[in-house]
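# Architecture and fold: a report
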Amino acid sequence: QVQLVESGGGLVQPGGSLRLSCAGTGFIFSTYAMFWFRQAPGKERELVAAITSAGSSTNYVDSVKGRFTISRDNAKKTVYLQMNSLKPEDTAVYYCNVGFDYCSGYVCSPRPRDQYDYWGQGTQVTVSS
């Protein structure tokens, strides 16, 4: 049974940094691509960052490119999201979830599931002065 526990959120001033963590249990962590999503009040959940199972490929939504970095430690069964130069529009509850590696030849990219039935509790990030 998949369990995901997000942590590391908090209140930070614009321009500040936070590092989110997500610990995954109940599945073979090292064989799954991992994703960070976020949901702001009144908005739909959006995919923010993704990483393949081995960490060889990452993707980001345009609004966070150059500011956020996703990484993973398969030995610790944990995926991270380093968030720098935070903006008020980054305020949201952040969630992680699993997905798949889509490989064409030797090139792989992370792909989310079509539907998610399980979400962890998330971690609140508030960017405000």
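What this report covers is the structure whose coordinates are included nearby. Note on numbering: residues in each chain are counted from 1, in written sequence order. For a predicted model such as this one, the threshold for reporting local features is a pLDDT of at least 70, and the threshold for listing and counting side-chain atom pairs is 80 or more; totals across whole chains, interfaces and linings nevertheless cover every residue. The side-chain numbers reported here are obtained from all heavy atoms of the structure, hydrogens and water having been left aside.

## Here's the deal with the overall build of the protein
By the criteria applied, helices consist of DSSP H or I runs no shorter than four residues and strands consist of E runs no shorter than two, each listed in order from the N terminus. Helix and strand counts for the protein come out as 0 helices and 11 strands. Seen in sequence order, the protein has helices and strands lined up from the N terminus as β-β-β-β-β-β-β-β-β-β-β. Relative to a compact globule of 129 residues, whose C-alpha radius of gyration would be 14 Å, the protein shows 14 Å and is just as compact. The principal-axis extent of the C-alpha atoms belonging to the protein is close to 45 × 30 × 30 Å. Counting across all 129 residues of the protein, residues that qualify as buried make up 40%. Whether two residues touch is decided by their heavy atoms; if any such pair falls within 4.5 Å, the residues are in contact. Expressed as a percentage of contacts within the protein between residues at least 6 apart in sequence, the contacts between residues at least 24 apart total 59%. For the radius of gyration, the atoms used are the C-alpha atoms, and the globule rule reads 2.2 Å times the number of residues raised to 0.38. The rule is simple: take the accessible area with a 1.4 Å probe, protein chains only, and divide by the maximum for that residue type; under 20% is buried, over 50% is exposed, in between is partly exposed.

## Describing the sheet that holds strand β7 (residues 68-73)
By this definition, two strands are paired if DSSP reports at least two bridges between them. Strand order across the open sheet formed by 4 strands is β1-β3-β8-β7, with antiparallel pairing between neighbours. Edge positions in the open sheet fall to β1 (3-7) and β7, since each of these has one partner strand only. The sheet shows a mean angle of 15 degrees between the axes of neighbouring strands, direction not considered. Bridge count for β1 against strand β3 (residues 18-25) is 5 bridges, and the pairing is antiparallel. Bridge pairing in β3 places Leu4 opposite Gly24. Simply put, an axis is a line fit to the C-alpha atoms, just over the touching stretch for a helix, and the angle between two N-to-C directions goes from 0 to 180 degrees.

## Some thoughts on the environment of Trp36
By the element assignment, Trp36 lies in strand β4 (residues 33-39). Given the relative accessible area of 0%, Trp36 is considered buried. Through-space distance from the C-alpha of Trp36 to that of Ile51 is 9.1 Å; in sequence the pair is 15 residues apart.

## Points about the pattern of salt bridges
Where charged atoms from two side chains of opposite charge come close, those side chains can pair. Counted as salt bridges are all cases of a side-chain nitrogen of Lys or Arg within 4 Å of a carboxyl oxygen of Asp or Glu. If you walk through the whole model with that rule in mind, you get 4 salt bridges. Notably, a salt bridge pairs Glu46 with Arg38, separated by 2.7 Å at the nearest N-O pair. One salt bridge connects Arg67 with Asp90, and the closest N-O pair in it is separated by 2.7 Å. Residue Arg67 is found in the loop between β6 (58-60) and β7, and its partner Asp90 is found in the loop between β8 (78-83) and β9 (92-104); the two are separated by 23 residues along the sequence. The pair Arg67 / Asp90 is uniform in exposure class, with both members buried. Overlapping salt bridges bring together Arg38, Glu46, Arg67 and Asp90 as one network.

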